[in-house]
Amino acid sequence: MTSETKMSAENPTDRNNSTNGVKGSVVDTERFKKRLAQRYRAEQRFRLYGLMSIGFGLLCLVLLFTDIIGKGHSAFFETRVSLDIHFDAEYLQITDASSEQQLNNANFDGLIKRTWRAQFPEVKSRSDKRLLATISSSGSGYFIRDQLALNPHWLGTKQTLWLLVDDDVDVYYKSRQKGNAYMGRVNEKLASWIESLIAEERMELNFNTTFFTAGDSREPEQAGIRGAMVGSLWTLLITLILSFPIGVAAAIYLEEYAPQNRWTDLIEVNINNLAAVPSIIFGLLGLAIFINFFELPRSVPLVGGLVLTLMTLPTIIISSRAAIKAVPPSIREAALGIGASKMQVVLHHVLPLAMPGMLTGTIIGMAQALGETAPLLMIGMVAFIVDVPGSVTDPAAVLPVQIFLWADSPERAFVEKTSAAIMVLLTFLIVMNTLAVLLRKRLERRW
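Residues numbered from 1 in each chain as written. Predicted model: local features only at pLDDT ≥ 70, side-chain atom pairs only at ≥ 80, totals over all residues. Heavy atoms only, no water.

Colleague: In this structure, what is going on with the nonpolar core? I would like to understand it.
Modeller: Most often, soluble globular proteins keep nonpolar side chains buried together rather than apart. Core analysis: the largest hydrophobic core is formed by 40 residues, its most contacted members being Phe211, Ile225, Val303, Leu376, Ile379 and Trp406. Those elements giving two or more residues to this core turn out to be α11 (226–257), α13 (279–293), α14 (301–325), α16 (342–370), α18 (399–407) and α19 (413–443). Sort the elements by how many residues they give to this core and α19 lands first, with nine residues. Not counting residues within four places of it along the chain, the set of residues in contact with Leu376 comprises Gly304, Leu308, Met381, Val398 and Val401. Listed in part, the 34 residues of the second largest apolar core include Leu103, Phe120, Leu163 and Val186. (Core = buried A, V, L, I, M, F, W, Y, C linked by side-chain atoms within 4.5 Å. Buried < 20%, exposed > 50% of the residue type's maximum accessible area, 1.4 Å probe, protein only. Helix = DSSP H or I, 4+ residues; strand = E, 2+ residues; numbered from the N terminus. Contact = heavy atoms within 4.5 Å.)

In structure tokens:
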């Protein structure tokens, strides 16, 4: 008998322990593999949930944009009707077409009604004649007056002019182009006249320049966003002029000069809290201070800019402080080491390196201010303003408030105007945020 056989025969317990150890190791390995597979499956489920969340968000975004564009794209086109207008000097009682007084006294609305009756001589009753005249916009008289003022030689001649149609006719014609004519307030008789004009090729769609060149109006076909756009630009200009230097100066002081004590801690906490305060609170603050106390006029870009400055300052201060903190301490130490003063270190080294982050935060703050409505409603910028503002002290509306006003209007034609204005506002916001991203990527430095 060999020595190994003797040992195994003498120690059967050791052999059993060795076998059990191998089996235990195999079991532990199987458990580890099972747990590892469970972890992999959990990770895959987590990734799937993330992809589903992103997909759901993108779907909602696509539905939102589809709805807005579907309703608003038609607002970029306007329906016009062709009329052969005879500028009868005797009827208009105009002897000199270059005389502004004679043009103001002339009855151009009556001339349009007369032209419509000549276009449809079969219309006899007074009610039908009034209905017939509603095909063209109520502002057509001012249009042909301006055309005669620009072309005085037209007096006594017949000219073919394309006039804006009424909003109900515009909705009917556009919906008809899509294959499902919406009657609305267009009755059968008016629809037959419109169909007659269409058959004679006297109606067509043109690019709606009025939407970009006119101010607000009670008539949807005459309403535009120029006044609101100019008001938004004036308001943002005031906000930028005030908020950027004040915000940057406050950030520099808090990061570079302010001592670390309970007062600066209190200021920092309040700045962070102000960034989360509802925007309408700033509107109430502006109403109490700028209008009631300082007695500044309501509904002007100056007050709007002051209110939005208060709202955007926390955002600019927080982003500017983060940009200053991102500058490596070695830059400051090197500048101080060669004899630069504290002011020189800040102005010549820290501020230029932190400027990309500051500009990014400022642009994002401006984009936030551009889309705000609640604080401006509190200071009266919800008024109906027709004229385009010429300065920061002229009454004005802004794009978000203009959208709010149009959305509250009962006319169906204002639905497409509202959606189109939202598209313009979103375009501005996307451009500003894209500019912030590009500016950060172009100017940032990696340490």
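Colleague: Got a minute to help me understand unusual backbone geometry in this structure?
Modeller: Trans is the prevailing form of peptide bonds, just as negative phi is the prevailing case for residues other than glycine. Located in the positive-phi region is Gln93, a residue other than glycine, with phi close to 60°. Checked against the element boundaries, Gln93 lands in the loop between α3 (89–92) and α4 (100–105). Even without glycine at this site, Ser299 takes up a positive phi of about 55°. Within the secondary structure, Ser299 sits in the loop between α13 and α14. Relative accessible area serves as the criterion here: at 6%, Ser299 is assigned to the buried category.

Colleague: Help me understand the environment of Ala118 in this model?
Modeller: Note that Ala118 resides in helix α5 (residues 108–119). Taking the relative accessible area as the measure of exposure, Ala118 reaches 59% and is therefore exposed. C-alpha of Ala118 to C-alpha of Ile54: the two residues are 64 residues apart in sequence and 62 Å apart in space.

Colleague: In this structure, what is going on with the packing of α11 against α16? I would like to understand it.
Modeller: Each pair of packed helices can be summarised by the angle the axes make with each other and by the distance between the axes. Viewed as axis vectors pointing N to C, α11 and α16 meet at an angle of 140°, and their least axial separation amounts to 9 Å. Looking at the two axes, α11 sits oblique to α16. At the point where α11 passes α16, the crossing takes the right-handed sense. Within the contact between the two elements, α11 uses Ser232, Leu236, Thr239, Leu240, Ser243, Phe244, Val248, Ile252, Glu256 and Tyr257 and α16 uses Lys342, Met343, Val346, Val350, Leu351, Met355, Met358, Leu359, Thr362, Met366, Ala369 and Leu370. Taken together, the residues of the contact of α11 with α16 break down into 16 nonpolar, four polar and two charged. (Axes fitted to C-alpha atoms, helices over the stretch in contact; angles between N-to-C directions. Parallel < 35°, antiparallel > 145°, perpendicular 65-115°, else oblique. Left-handed = near helix turned anticlockwise from the far one by under 90°. Nonpolar A, V, L, I, M, F, W, Y, C, P; charged D, E, K, R; others polar.)

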